[in-house]
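Results of the structural survey
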Amino acid sequence: MNKLPVGKTISSAYAFTFSQLGSIIGLAWISLVAIGILQFLPYAAGAATVAANPLQEGQRAIQNMGISILVLLLSAIVYVAVTRLALGQKPGGAIAHFALGVAEFRTFGAIFLLGLAIVGISIGLAIVIAVIGGTLGASHNQAVLALTILVLAIAVICAVAYIGARLGFVLVPATVVEEHISLSRGWTLTQGNFWRIVAVLLAVTIPIFLVECIAVAVVMGPDLLTLIPAGPHGDPQALSAHMEEIIGRHAPVLIGLRLVFAPFQFGLGIGASAFGYRTLTAAAPQ
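Residues numbered from 1 in each chain as written. Predicted model: local features only at pLDDT ≥ 70, side-chain atom pairs only at ≥ 80, totals over all residues. Heavy atoms only, no water.

On to the overall build of the chain. When its secondary structure is counted, the chain shows nine helices and zero strands. Its helices and strands taken in sequence order, the chain reads α-α-α-α-α-α-α-α-α from the N to the C terminus. Of all 286 residues assigned to the chain, the portion counted as buried reaches 37%. Sequence-distant contacts, at least 24 apart, represent 80% of the contacts inside the chain between residues at least 6 apart. (Helix = DSSP H or I, 4+ residues; strand = E, 2+ residues; numbered from the N terminus. Buried < 20%, exposed > 50% of the residue type's maximum accessible area, 1.4 Å probe, protein only. Contact = heavy atoms within 4.5 Å.)

The subject of this paragraph is helix H5 (residues 142–168). Taking 1.5 Å per residue, 27 residues should reach 39 Å; H5 reaches 38 Å between its end C-alpha atoms and fits that length. Taken together, the buried positions of H5 are Leu145, Val156, Val160, Ile163, Ala165, Arg166 and Leu167. (Expected span 1.5 Å × (residues − 1).)

Next up on the list: the packing of aromatic side chains. This structure, assessed with the given rule, holds seven aromatic pairs. Residues Tyr162 and Phe194 carry aromatic rings whose centres are separated by 4.8 Å and whose planes lie at 55° to one another, so their mutual orientation is tilted. Remark: Phe194 occurs in helix H8 (residues 194–224) and Tyr162 occurs in helix H5; sequence separation between them is 32 residues. What makes Phe194 buried here is its relative accessible area of 13%. Residues Phe194 and Trp195 carry aromatic rings whose centres are separated by 4.9 Å and whose planes lie at 65° to one another, so their mutual orientation is edge-to-face. Among the aromatic side chains, those forming a connected cluster through ring pairs are Tyr162, Trp187, Phe194 and Trp195. Directly above the aromatic system of Trp187 lies the positively charged group of Arg166, at a separation of 3.9 Å from the ring centroid. (Phe/Tyr/Trp six-rings, centres within 6.5 Å; stacked < 30°, edge-to-face > 60°. Lys NZ or Arg CZ within 6 Å of the ring centre and 35° of its normal.)

On the surface, a cluster of nonpolar side chains totalling about 530 Å² of accessible area is made up of Met65, Ile69, Phe112, Leu113, Leu116 and Ile181. Put simply, the parts of the chain that give the nonpolar patch at least two residues each are helix H3 (54–86) and helix H4 (102–137). Considering each element in turn, the nonpolar patch owes the most residues, three residues, to H4. Along the chain, Ile69 turns up in helix H3. The exposure class assigned to Ile69 is partly exposed, which follows from its relative accessible area of 35%. (Patch = residues over 30% accessible without salt bridge, like charges linked within 9 Å, V, L, I, M, F, W, Y side chains within 5 Å. Areas by Shrake-Rupley, 256 points an atom, 1.4 Å probe, with all protein chains shown as cover. Salt bridge = Lys/Arg side-chain N within 4 Å of Asp/Glu carboxyl O.)

Time to look at the nonpolar core. If you look at the biggest cluster of nonpolar residues, it comprises 21 residues, and the most contacted ones within it are Phe16, Leu32, Val82 and Phe266. Sorting the residues of this core by element identifies helix H2 (21–44), H3 and helix H9 (236–280) as the ones contributing at least two each. Among the elements that make up this core, the one with the highest residue count is H3 (nine residues). Ignoring anything within four residues of it in the chain, the contact list for Leu32 reads Leu259, Ala262, Pro263 and Phe266. Of all hydrophobic cores here, the second largest spans 19 residues; its members include Ala215, Ala272, Tyr277 and Leu280. (Core = buried A, V, L, I, M, F, W, Y, C linked by side-chain atoms within 4.5 Å.)

This part takes up the pattern of salt bridges. Under the counting rule described, the total for this entry stands at one salt bridge. In this structure, Arg185 and Glu178 form a salt bridge, with 2.9 Å as the shortest nitrogen-oxygen distance. Each member of the pair, Arg185 as well as Glu178, carries the same accessibility label: buried.

At Ala28, H2 shows its maximal bend, which comes to roughly 50°. What H2 keeps buried is the set Leu21, Ser23, Ile24, Gly26, Leu27, Ala28, Ser31, Leu32, Ile35, Gly36, Leu38 and Pro42. (Bend = angle between axes of the 7 residues up to and from the residue.)

This part covers unusual backbone geometry. With a phi angle near 60°, Glu179 is a residue other than glycine that sits in the positive phi range. As for its position among the elements, Glu179 is in the loop between helix H6 (171–178) and helix H7 (183–189).

To continue, consider the side chain of Ser273. Within the fold, Ser273 resides in helix H9. Overall, the relative accessible area of 7% leaves Ser273 in the buried class. Here the side chain of Ser273 touches Phe169 through a polar contact of 2.5 Å, landing on its backbone oxygen. If we skip the residues at most four places from it in the chain, Ser273 touches Phe169, Val170 and Pro173. (Polar contact = N/O pair within 3.5 Å; in protein donor to acceptor, adjacent residues only side chain to side chain.)

Set out below in structure tokens:
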């Protein structure tokens, strides 16, 4: 069992991102622009508002699902290209890149399968909580019921985070290098490394997340302040509609910000994952 070196993994991710930022942008910009257009389409069509009836809500859900699948497929193109760059399999200096072949569909399938597994596990655990809650509810002990549900909910969140980290941390590089989909491969490689993975993920995601939050606050801050007078007792539907209206008004700028930060997010996430994969497979059984 190999141990993930936290400090080296973090430093490697940042070194890769900032030394290869131009190449990352070159490999990603076509897919990112396409993703931005897809995300803007509901706002351009006026569909990204609170649905007036269940039929509209269903139509919007189907539309959002289709967009999400296309966004994931376009993201897979970036994942494969940047992973190969991080692993030294692809030279830097790319100006543009768009490839949709077996590797990209395989990576899309791996990420989609991971999502299904996480959702399935979450639903299964939620059903367990519901059964336990129903059993305790029959005893009319509301204090015990509330405390038990709270503890179980926290346990479910922790379990899903644990499983997601173990299965997903090296999923993309393992899929790209080994040319097959295997969730169990990531589980095997990351054995005994959960807290190390957590430390790495926090280090490569929180700084960019905070900067992005500050940028969003600068853009939307004055409008968000208009929600405060309603307070916690305001009409939830009216607040939701007002929030949707604010987001829709700023949608082009918000999507633009995502495009700006995306190369850093891809670089740091994939850089950490690729370095971790190399380390964990150095003497691990294939």
